[in-house]
Amino acid sequence: HIDAERNVLFETLKKSSILIFPSSKESYGLVPFEAASCGCKVIHKCPHSFFLDNNYDVQSPSLRQSDLTKLIQSVSCPTLEEKEKRRKVILSQGDKRNFAKRLESIL
């Protein structure tokens, strides 16, 4: 979906339950943030994703296929209620002022 229009991307994320983000170089975790703002759980190896919740999301110890496969097998899909709750929490964290303060603290 790299060339997808924004509305197509968000519609896809809203229908999804889990985002597998196999990168450690994402700038400030924007792709995981978008997925989380749609209620998805995120499997990641992204140290910049400071907003992710360790009780909801899963950080992979490595980017090896075997580690990601184990995590995929162990993660349950969120219910619709969990997705909606997650969406509200992430969007509240995405407030412009709060986001700028958090970003400033990691720079």
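Going by the structure above, here's the rest.
Residues numbered from 1 in each chain as written. Predicted model: local features only at pLDDT ≥ 70, side-chain atom pairs only at ≥ 80, totals over all residues. Heavy atoms only, no water.

Lay out the overall build of the protein in plain terms, naming residues and giving numbers.
The helix and strand tally for the protein stands at five helices and three strands. Of the regular secondary structure in the protein, the N- to C-terminal order runs α-β-α-β-β-α-α-α. The burial tally for the protein puts 33% of its 107 residues in the buried class. Across the protein, contacts joining residues at least 24 apart in sequence account for 48% of those joining residues at least 6 apart. Looking at the protein as shown, the accessible area adds up to about 7,200 Å², and 53% of this sits on carbon and sulfur atoms. (Helix = DSSP H or I, 4+ residues; strand = E, 2+ residues; numbered from the N terminus. Buried < 20%, exposed > 50% of the residue type's maximum accessible area, 1.4 Å probe, protein only. Contact = heavy atoms within 4.5 Å. Areas by Shrake-Rupley, 256 points an atom, 1.4 Å probe, with all protein chains shown as cover.)

Please set out the packing of aromatic side chains residue by residue, giving values where relevant.
The full count for this structure, using the stated rule, is zero aromatic pairs. Directly above the aromatic system of Y56 lies the positively charged group of K41, at a separation of 5.5 Å from the ring centroid. (Phe/Tyr/Trp six-rings, centres within 6.5 Å; stacked < 30°, edge-to-face > 60°. Lys NZ or Arg CZ within 6 Å of the ring centre and 35° of its normal.)

An account of helix α3 (residues 65-74) is needed here, citing residue identities and associated values.
Every buried residue of α3 is listed here: D67, L68 and L71. Buried residues of α3, seen end-on, are gathered within an arc of 95° and therefore sit on one face of the element. Among the exposed residues of α3, those oriented more than 90 degrees off its buried face are Q65, K70 and Q73. Where α3 is buried, its residues contact β2 (41-44) and β3 (58-59). (Arc of directions from axis to C-beta.)

Requested: an account of the sheet that holds β2, with residues and values cited.
Strand order in the open sheet made by the three strands is β1-β2-β3, with parallel pairing throughout. Each edge of the open sheet is held by one strand with a lone partner, namely β1 (18-21) and β3. Inspection of the sheet shows β1 paired to β2 by four bridges, in the parallel sense. If you follow I18 over to β2, its bridge partner there is K41. Running over the sheet, helix α2 (residues 30-37) touches β1 and β2 and is turned about 175° from β1. (Pairing = 2+ DSSP bridges. Axes fitted to C-alpha atoms, helices over the stretch in contact; angles between N-to-C directions.)

Tell me about the packing of α2 against helix α4 (residues 80-93), and name the residues and values.
Taken N-terminus to C-terminus, the directions of α2 and α4 make an angle of 135°; their axes are 8 Å apart at the nearest point. Classified by the interaxial angle, the pair formed by α2 and α4 is oblique. Here F33, A36 and S37 of α2 lie close against α4, whose contacting residues are R86, R87, I90 and L91. Among the residues making up the contact of α2 with α4, the classes are represented as four nonpolar, one polar and two charged. (Parallel < 35°, antiparallel > 145°, perpendicular 65-115°, else oblique. Nonpolar A, V, L, I, M, F, W, Y, C, P; charged D, E, K, R; others polar.)

Run through the pattern of salt bridges, naming residues and quoting values.
Under the definition given, this model contains four salt bridges. With a shortest N-O distance of 3.8 Å, K14 and E11 are connected by a salt bridge. In this pair, K14 and E11 both sit in helix α1 (residues 6-15), three residues apart, roughly one turn of the helix. Overall, E11 belongs to the partly exposed group, its relative accessible area being 41%. Residues D57 and R86 are paired through a salt bridge, measuring 2.7 Å at the closest nitrogen-oxygen approach. Of the two residues, D57 is situated in the loop between β2 and β3 and R86 in helix α4; the sequence distance between them amounts to 29 residues. For D57, a relative accessible area of 4% gives the class buried. (Salt bridge = Lys/Arg side-chain N within 4 Å of Asp/Glu carboxyl O.)

As far as function goes, none of this settles anything; it's purely spatial.
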